[in-house]
Amino acid sequence: MPEWLIAFLESLGINRPLGSGWISVVVTFLLAALATWLSIPAVRRFSLSAGWADQPNHRRINRAPVPNAGGLAVYAGTLAALILATLLRPIIIAEVKAEVLAILLGGSVLVLTGFIDDQFHLPPVFRLMVQTLAALLLVATGIRIEVGFGGDFAPFLSGLFTVVWVVAITNAINLIDGVDGLAGGVSFIVGISLLAVAAQFTERAASTILLAAVAGAALGFLRHNFHPSAIILGDSGAYFLGFVLAATSILGNVKVTTIAGLVPTGLFLLLPVADTVQVFFRRLAKRKNPLSTPGQDHLHHHLLARGFSQRRTALVLWAVTLTTNLVAMAVQGMSAVVITTTGVGIVVMLGLVVWRKGMTARLSGVPNETAPYSGAADTDHEFAPGEEGDRSK
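Residues numbered from 1 in each chain as written. Predicted model: local features only at pLDDT ≥ 70, side-chain atom pairs only at ≥ 80, totals over all residues. Heavy atoms only, no water.

Undergrad: Describe the nonpolar core, and please don't skip the residues or the numbers.
TA: One finds Ile-103, Trp-165, Phe-188, Trp-318, Met-329 and Leu-350 to be the most contacted residues of the largest nonpolar core, which totals 95 residues. Setting aside anything within four residues of it in sequence, one finds Trp-165 in contact with Ile-145, Ala-246, Ser-249, Ile-250, Thr-265, Gly-266 and Leu-269. (Core = buried A, V, L, I, M, F, W, Y, C linked by side-chain atoms within 4.5 Å. Buried < 20%, exposed > 50% of the residue type's maximum accessible area, 1.4 Å probe, protein only. Contact = heavy atoms within 4.5 Å.)

Undergrad: Summarise the packing of aromatic side chains; cite the residues concerned and give the values.
TA: Taken as a whole and assessed by the stated rule, the structure comprises 5 aromatic pairs. Between Phe-46 and Trp-52, the aromatic rings sit 5.2 Å apart at their centres with planes inclined by 70 degrees, giving edge-to-face as the arrangement. Geometrically, the ring pair formed by Trp-52 and Phe-115 is edge-to-face, given 4.8 Å between the ring centres and 85 degrees between the ring planes. One end of the pair, Trp-52, is in the loop between α2 (21-50) and β1 (53-54); the other, Phe-115, is in helix α5 (residues 97-120), and 63 residues separate them in sequence. A relative accessible area of 15% places Phe-115 in the buried class. An aromatic cluster of three or more residues is present, and its members are Phe-46, Trp-52 and Phe-115. Looking at Arg-204, its charged tip hangs above the ring of Phe-201, at a distance of 4.0 Å from the centre. (Phe/Tyr/Trp six-rings, centres within 6.5 Å; stacked < 30°, edge-to-face > 60°. Helix = DSSP H or I, 4+ residues; strand = E, 2+ residues; numbered from the N terminus. Lys NZ or Arg CZ within 6 Å of the ring centre and 35° of its normal.)

Undergrad: Can you explain a nonpolar patch on the surface? Please cite residues and give values.
TA: Together, Phe-153, Phe-156, Leu-160 and Val-164 make up an exposed nonpolar region whose accessible area comes to about 430 Å². Mapped onto the elements of the fold, Phe-153 is located in the loop between β3 (146-147) and α7 (154-175). (Patch = residues over 30% accessible without salt bridge, like charges linked within 9 Å, V, L, I, M, F, W, Y side chains within 5 Å. Areas by Shrake-Rupley, 256 points an atom, 1.4 Å probe, with all protein chains shown as cover. Salt bridge = Lys/Arg side-chain N within 4 Å of Asp/Glu carboxyl O.)

Here it is in structure tokens:
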């Protein structure tokens, strides 16, 4: 290996450039992206034949049935990459097996819950209970936000903060899934940024390998989900991505002495959190129940109302997410080389997806803004118990 490459890898925080550890992470990322990308067409065809699709209605953007089982491909791609990574380098997985399995088990439960909800409409309270149980599983296995205050109540507060954090992020990712490519792109950006930070610390090996798989799966999915979209995540995929990002963001990472101690980690997920918070308070200000009143008051709705296309809306909110993530990396003490490399890498990979998707749309004669499969749902389903027949969020 050339000396300049070794020096560059060391500047990124890779302690053993000649070792196979970092290569395993890269391979896991590529395997997840490839497995997800290749599986989507088959998942899409089967979803349409089985009726697993969001039908057009007056509150949705899509103008034709759009398959909502994309989350199954993301989940399968993530698992496939992790299994192959285990075969390629068992030691890496063995060292973090308990933490990885705990996160995957909780994620699996949420994938199942989200998929059943997409097809058969589960009550919101039941979904919230399942999300809480999945978060408690993390607490039980030691994945938690450690607090340095509260005295004898510190363990309880630790568990409470962890559950609130995980449930909130899980739902926040689901709620921004309102235009083609938005939730997948945001998840990819956050995943790569968290991966760049986690890779600096050996004690965050579980986060590193999981984030590589999830970020790769999100990128592979975006190839089919950016406008004009052929498939959407559905609750199954949004829950899975949100849960894994929430869990890995605190794994071996967050120890707070005040509530403000959550801010550095929160910056990574600022966009989905801010979107959910502003919707909550807007509805309260209008004397509406924020947990049961559907509406079109998310950030992407405001951009669409101002005349932005779906593509431009997604790109703008991707840019906001990238900016907050680079700031978050700086706050956490990452070097300029790590921050710059991460930012350039994200832009290049997303740029390739957008370019390739545009080329495919033009060659197939499908206008970018009038494609028949365009159609992520509005984002009020999660908190709309009175709208069980309406698949908008």
